[in-house]
Amino acid sequence: MVHQDQEKLVQVVAADVGLVAPPSRYVLSEENRPTTVDQQAKLFIPIVDVSRLAMPDDVEEAAKLCSALQSWGLFVVTGHGMSKEFLDEILEATRKFFHLPLEEKQKCGNVIDGVKFQNEGYGIDRIDSDEQILDWCDRLWLQLQPEDERRLQFWPQNLRDLIHEYTLESGRVTMDVLKAMAKLLNQEEGFFINMVGERFKSYSRFTYYPPCPRPDLVNGLKPHTDNSVITLLLMDKDIGGLQVLKDGHWVDVPVLGNDLLVVVGEGMEIVSNAIFKAPWHRVVTSANKERLSLAMFYQPEPERIIGPPGVLVHEKRPAMFKKCLVQTLADGYWDAFVVGDRTVDFLNVRINAEADAELEGHAVVANN
Ligand SMILES: O=C(O)CCC(=O)C(=O)O
Ligand SMILES: [Fe+2]
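- The protein is annotated in an unreviewed UniProt entry as Fe2OG dioxygenase domain-containing protein of Triticum urartu.
- Listed under Cofactor (unreviewed entry) in UniProt, the entry text for the protein is "Fe cation".
- The UniProt entry for the protein carries the following comment under Sequence similarities (unreviewed entry): "Belongs to the iron/ascorbate-dependent oxidoreductase family."

Structure, rendered in structure tokens:
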């Protein structure tokens, strides 16, 4: 059975004209409210031109990538080769989908026959208990790759061709980033790509954040790290909301226009032996504007066992994680997400946490 509130769309809750405050199910306890931000740091969010990363002699761009990954775990991507028109079309089609009548959207619903919850499809994230504080967002979650495993019945008609094309384009950008990250570690460019395997999985999460009468009381999306090797994020061009935790302070990620954002996921943290770290991030809402985002998550083949590779393990940097089946990480992610934990901690995959803390800022990377 699913939780009784599992089919309660936030968009429907938010549409109540008399609503002056969110229902208690969404209200965070005082200490967890998203009220404090570091106003200065956002000016320093790193920017990397992916088209330059492919140039073997572009030492400057590789150095920027290196510093971005080590200090933030995310960076703004320019030079990705996707046109403004194409990205606008995706965002517009996404907006159109979320503005469809509820019955239309529910044709892609993620609660099957009122009794079974699944990740794939349109709805809200999984509810496990009455105590769980819910996020102020609805989302459409789709599996994109491998292509022969797509379940098109969950793909909205108006988005199908666009999603297909965007999968190809964002896959290209992701592979370029993975190649450049491998080179930073003095490995050949296929190092991470081979680790994810040919039949790697990719998923999209289209998230819709309705306006909230009291943004100070709720999470648009709770603090989390991503279940991916890397995530490629396309965000609303009109309004910000994403925040990243940097050195213990929440920092606003600015509106990026046509630029994308790469976020390191926990999978990368494991396969880089914690040289690259997955940042905590969250989304805050606005009182008068809706917001959209589209995240693409890349994960290794589910039957693979991943762990820190031998070449990145040595006396000074012992293995920071146990070996783990990718499918176990993927399943554990949702249990961890519900309680606001990281998967590697929730599943006890982390070892050598102390060694990791000591090595902070002393990662071994190439200086080419
Ligand atoms: O809405 C956003 O900007 C971020 C979404 C996100 O973090 C996610 O989908 O994992
Ligand atoms: Fe995320």
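1. Overview of the pattern of salt bridges
Part 1: Within this structure, the stated rule accounts for 28 salt bridges.
Part 2: The salt bridge partner of Lys64 is Glu61, with a shortest N-O separation of 3.4 Å. Here Glu61 and Lys64 lie together in helix H3 (residues 59-71), a separation of three residues that amounts to about one turn.
Part 3: Since its relative accessible area comes to 34%, Lys64 is described here as partly exposed.
Part 4: Two residues, Arg95 and Asp236, come together in a salt bridge whose shortest N-O distance is 3.6 Å. Remark: Asp236 occurs in the loop between strand S9 (230-235) and strand S10 (242-246) and Arg95 occurs in helix H4 (residues 84-99); sequence separation between them is 141 residues. Pair check on accessibility: Arg95 and Asp236 agree, each one buried.
Part 5: Salt bridges sharing partners connect three or more residues here, namely Arg52, Asp58, Glu60, Glu61 and Lys64.

2. Here we look at the site of ligand 1
Part 1: Close to ligand 1 lie 14 residues; Tyr209, His224, His281, Arg291 and Ser293 are nearest.
Part 2: Contact distances for ligand 1 include 2.7 Å between an oxygen atom and a side-chain N or O atom of Tyr209.
Part 3: One of the side-chain nitrogen or oxygen atoms of Arg291 is found 2.9 Å away from an oxygen atom of ligand 1.
Part 4: Elements with a contribution of two residues or more to the shell around ligand 1: strand S7 (201-209), strand S8 (221-224), S9, strand S13 (281-283) and strand S14 (291-299).
Part 5: Looking at which element gives the most residues to the shell around ligand 1, the answer is S14, with four residues.
Part 6: Looking at the shell around ligand 1, its residues break down into eight nonpolar, three polar and three charged.

3. A closer look at the sheet that holds S9
Part 1: Read across the sheet, eight strands follow the order S1-S2-S12-S9-S14-S7-S6-S5 without closing on themselves; strand pairing throughout is mixed. Bordering the open sheet on either side are strand S1 (47-49) and strand S5 (121-123), each of which pairs with just one other strand. Strand-to-strand twist in this sheet, taken as the mean axis angle between neighbours without regard to direction, amounts to 25°.
Part 2: One ladder, built from nine bridges, connects S7 with S14; its direction is antiparallel.

4. Thoughts on H3
Part 1: For H3, built from 13 residues, the straight-helix expectation of 18 Å at 1.5 Å per residue is met to within 8% by its first-to-last C-alpha distance of 18 Å.
Part 2: Taken together, the buried positions of H3 are occupied by Glu61, Leu65, Cys66, Ala68 and Leu69. Within H3, the buried residues cover an arc of 165° as seen down the axis, which keeps them to one side.
Part 3: Buried residues along H3 sit against S1, helix H2 (50-53), strand S2 (74-78), helix H6 (160-184) and strand S12 (260-264).
Part 4: Gly73, located one to two residues past H3, shows a positive phi value of around 75°.

5. Let's talk about the packing of H4 against H6
Part 1: Look at H4 against H6: their axes get within 11 Å of each other, and the N-to-C directions meet at 135°. When the interaxial angle is binned, H4 and H6 end up oblique. The handedness of the crossing between H4 and H6 is left-handed. Seen from H4, the contacting residues are Phe86, Leu87, Glu89, Ile90 and Ala93; seen from H6, they are Leu162, Glu165, Tyr166 and Glu169.
Part 2: For the contact of H4 with H6, the residue count by class is six nonpolar, no polar and three charged.

6. A look at empty space enclosed by the protein
Part 1: Tallied over the entire structure, the rule returns six cavities of 30 Å³ or more.
Part 2: Taken as a whole, the largest cavity spans an internal volume of roughly 210 Å³.
Part 3: Lining the largest cavity are 21 residues, and of these Arg205, Leu221, His224, Ala295 and Phe297 sit closest to its centre.
Part 4: Elements supplying a minimum of two residues to the lining of the largest cavity: S7, S8, S9, S13, S14 and helix H9 (326-338).
Part 5: Counting residues per element, the lining of the largest cavity draws most heavily on S14, which supplies four residues.

7. A closer look at the sheet that holds S10
Part 1: Taken in spatial order, the four strands line up as S8-S13-S10-S11 in an open sheet, and their pairing is antiparallel. The open sheet has two free edges, formed respectively by S8 and strand S11 (249-252), since each of these has just one partner strand. Within the sheet, the average angular offset between the axes of one strand and its neighbour, ignoring direction, is 25°.
Part 2: Summarising the sheet, S10 and S11 pair through four bridges and their orientation is antiparallel. In the sheet register, Leu245 faces S11, and the bridge partner there is Trp250.

8. Details of the packing of aromatic side chains
Part 1: Summed over all chains, the structure comprises 14 aromatic pairs.
Part 2: Both rings, one in Phe97 and one in Phe98, keep their centres 5.2 Å apart while their planes meet at 70°; by these two values the pair is edge-to-face. You'll find Phe97 and Phe98 in the same group, each marked buried.
Part 3: Ring geometry for Phe97 against Tyr122: centres 5.6 Å apart, planes inclined by 90°, an arrangement best described as edge-to-face.

9. Comments concerning the nonpolar core
Part 1: Grouped together as the largest cluster of nonpolar side chains are 84 residues, with contacts concentrated most on Tyr166, Met181, Phe192 and Phe276.
Part 2: Contacts of Phe192, omitting those with residues within four sequence positions, involve Leu178, Met181, Ala182, Leu185, Met268, Val271, Ser272 and Phe276.
Part 3: Residues Cys137, Leu221, Leu233 and Val263 belong to the second largest nonpolar core, which totals 25 residues.

Rules of the game
Residues numbered from 1 in each chain as written. Chains lettered and ligands numbered in written order. Predicted model: local features only at pLDDT ≥ 70, side-chain atom pairs only at ≥ 80, totals over all residues. Heavy atoms only, no water. UniProt positions renumbered as here; feature names shortened; annotations may be inferred. Salt bridge = Lys/Arg side-chain N within 4 Å of Asp/Glu carboxyl O. Helix = DSSP H or I, 4+ residues; strand = E, 2+ residues; numbered from the N terminus. Buried < 20%, exposed > 50% of the residue type's maximum accessible area, 1.4 Å probe, protein only. Near = heavy atom within 4 Å. Polar contact = N/O pair within 3.5 Å; in protein donor to acceptor, adjacent residues only side chain to side chain. Nonpolar A, V, L, I, M, F, W, Y, C, P; charged D, E, K, R; others polar. Pairing = 2+ DSSP bridges. Axes fitted to C-alpha atoms, helices over the stretch in contact; angles between N-to-C directions. Expected span 1.5 Å × (residues − 1). Arc of directions from axis to C-beta. Contact = heavy atoms within 4.5 Å. Parallel < 35°, antiparallel > 145°, perpendicular 65-115°, else oblique. Left-handed = near helix turned anticlockwise from the far one by under 90°. 1 Å grid on protein atoms, 1.4 Å probe; cavity = no way out; pocket = protein on both sides within 12 Å on 5 of 7 lines; lining within 4 Å. Points joined across faces, edges and corners; volume = space filled by probe spheres on them. Phe/Tyr/Trp six-rings, centres within 6.5 Å; stacked < 30°, edge-to-face > 60°. Core = buried A, V, L, I, M, F, W, Y, C linked by side-chain atoms within 4.5 Å.

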